[in-house]
Amino acid sequence: MQPPPRKVKVTQEVKHTHTEQLSRLQLKHQTDLDFLEDLRTYSQKKALIEKDYSQALHKLASQYLKREWSGAPSEEQKDSRNVWAVWRSYLEGVMKVSQSRINGCENYRSQISDPVKMFRTQKDLQLKKCCEQLARAQADLQVTIRDLEKSRKTYQEAEQTAQTVREKADMEAKSKLSLFQSRSSLKRASMKLKAKKNEWKSKATQTRNDYLLTLSATNAHQDRYYETDLISCIRVLDGSFYDHVQSFVTQDIHQQIFIQDNPGFQKAAPFQYQPCENDSSRQLESETGTTEEHSLNKEARKWATRVAREHKNIIHYKRALEECETLGTPPTEQSRNELEFRIEEAKENIRKAETVKLKAEARLDLLRQVGVSVDTWLKSAMNQVMEELENERWASLPTLTTHDLSLSTTVDLDREEGEELEENMETYDDSSSSPSGTLRNYPLTCKVLYSYKASQPDELTIDEHEMLEVIEDGDMEDWVKVNHLNLISAVQHTIYRRKGFFL
């Protein structure tokens, strides 16, 4: 009887797949080099054959052209309808064609052979760049999968412990039933056991929620890896080769064929939820008034803020990339290397920020499915980021010492751009005229846009259109303090710039 197959860990299986992908890309690189070498040597040998043939043909035609025929008409009496004239014209045409082919063979080396040799050298640099880029993408995905395994293990341990506590509590409850115990003692014992079960139930629910959120983020990360990161690495490896042969075959078609021939590059199956044996829940728990609901709202606020922050980072990195690409070619090799490093660094930062944003959005989608007010948190966080970007834009403008027509024009343009922010916020204050939103003089009077019912001790119940006085910034991002209590971010404290009044 054969023993059952050994179960391979997910992380080890992923590493094996990534190693195979890297190996196949290196093999593809070597195959491309062999093809380029064949193309170069074939072109050289063909040029030699063409040259020898053309020279021999040119010599042959020249010999027959010099031959004199008895009875043939003289040059003065030559008629184009005469057979001798046709023969001479044919030989002259052969000489012209053969000479043209000889000149073409002389230029063959500079047009094909030498460029192919240079392209082979570039391919080595492209392989190095591709391997480095792929290694970073693989490392990020492996970290995400390890986090998924940790959250799954934590969930299973907590769920098993909660099940054990429930069974133990039930046994203790039965064992303590006695006619000689008072009703009050039985009630105290019952409340104690119930509190213990609820405590472990809450822990198990929180770990399950974390596992489900991490699972959603991991699948989103894996999809991006196969659909974007891996394809990008293949394009880097190919370089500009397909730009020269696009009239014959396109790069997309070649990539599709390569992926079909190599199963390791095909999109992997998504990770599945693995519940404990006695756990009947398959989704996030969001029961009104429970700790889990507060936890889910906290997660929504956390990941909405992360989405907004990564959106801001992507804008910064893209600006840096555009600045580098508009600098042109530096004069020295060291400057070119530094510029190339800055460009690659900006691209890598964009990739990382887009990946983190995608994972956060996947978590928010899962939270949205169970009724959490994700869009409210997201709208608040994005408003805050847009304000910060606007403040940065103002900080980058030249400082004006006098209030002239140009300043008024700038303020009017900014007011038009901030009309969308005006729809989300109404603020009344004339205590500052600085264009920087960080220089706020409290207290400030704000108008509430959304009603909110406090769900935690440090929150405040507010009503729509209510006027509040903001005292100072809160201890968390996007929060402010009103009457020394944390105010939920349903109060849009994003300040828009209008008519010279700034916060």
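Quick look at the structure, then. (Residues numbered from 1 in each chain as written. Predicted model: local features only at pLDDT ≥ 70, side-chain atom pairs only at ≥ 80, totals over all residues. Heavy atoms only, no water.)

Here we take up the overall build of the protein. Along its length, the protein carries ten helices and six strands. Residues counted as buried form 36% of the 503 residues belonging to the protein. In the protein, the share of contacts with a sequence separation of at least 24, taken over all contacts with a separation of at least 6, comes to 76%. Carbon together with sulfur atoms contributes 52% to the accessible area of the protein, which is approximately 31,400 Å² in total. (Helix = DSSP H or I, 4+ residues; strand = E, 2+ residues; numbered from the N terminus. Buried < 20%, exposed > 50% of the residue type's maximum accessible area, 1.4 Å probe, protein only. Contact = heavy atoms within 4.5 Å. Areas by Shrake-Rupley, 256 points an atom, 1.4 Å probe, with all protein chains shown as cover.)

Let us look at the packing of aromatic side chains. We describe a pair of aromatic rings using the distance from one ring centre to the other and the angle between the two ring planes. Inspection of the entire model under this criterion finds six aromatic pairs. Note on Tyr 155 and Tyr 273: the rings are 6.1 Å apart at their centroids and 35 degrees apart in plane angle, and the pair reads as tilted. Highlighted residues: Tyr 155 in helix α2 (residues 83-175) and Tyr 273 in the loop between α5 (251-261) and α6 (291-325), separated in sequence by 118 residues. Assigned by exposure class, Tyr 155 and Tyr 273 land together as buried. Seen in terms of ring centroids, Tyr 225 and Tyr 226 are 5.2 Å apart; in terms of plane orientation they differ by 90 degrees. Their pairing is edge-to-face. A network of ring pairs unites the aromatic residues Tyr 155, Tyr 211 and Tyr 273 as a single cluster. (Phe/Tyr/Trp six-rings, centres within 6.5 Å; stacked < 30°, edge-to-face > 60°.)

Applying the stated criterion to the full structure yields 29 salt bridges. Here Asp 279 ties to Arg 208 by a salt bridge, and the two come within 2.9 Å at their closest N and O atoms. With Asp 279 in the loop between α5 and α6 and Arg 208 in helix α3 (residues 183-238), this pair connects stretches of sequence that are 71 residues apart. Of the two residues, Asp 279 and Arg 208, both sit in the buried class. (Salt bridge = Lys/Arg side-chain N within 4 Å of Asp/Glu carboxyl O.)

Here the focus is the layout of surface pockets. Space inside the largest pocket adds up to approximately 650 Å³. Around the largest pocket sit 17 residues that line it, and Lys 129, Glu 132, Glu 340, Phe 341 and Glu 344 are the ones nearest its centre. Among the elements of the structure, α2 and α7 (333-369) are those that each provide at least two residues to the lining of the largest pocket. For the lining of the largest pocket, the element with the most residues is α7, which contributes nine residues. Along the lines of polarity and charge, the residues of the lining of the largest pocket split into two nonpolar, five polar and ten charged. (1 Å grid on protein atoms, 1.4 Å probe; cavity = no way out; pocket = protein on both sides within 12 Å on 5 of 7 lines; lining within 4 Å. Points joined across faces, edges and corners; volume = space filled by probe spheres on them. Nonpolar A, V, L, I, M, F, W, Y, C, P; charged D, E, K, R; others polar.)

The next point concerns empty space enclosed by the protein. Throughout the structure, instances matching the rule amount to five cavities of 30 Å³ or more. The calculated volume of the largest cavity comes to roughly 60 Å³. In terms of lining residues, the largest cavity is bounded by His 294, Asn 297, Lys 298, Arg 301, Trp 377, Tyr 452, Ser 455, Gln 456 and Glu 459. A total of four residues in the lining of the largest cavity trace back to one element, the largest contributor, which is α6. Residues that form the lining of the largest cavity fall into these classes: two nonpolar, four polar and three charged.

Its location among the elements puts Thr 305 in helix α6. Looking at Thr 305, the relative accessible area reads 14%, which means it is buried.

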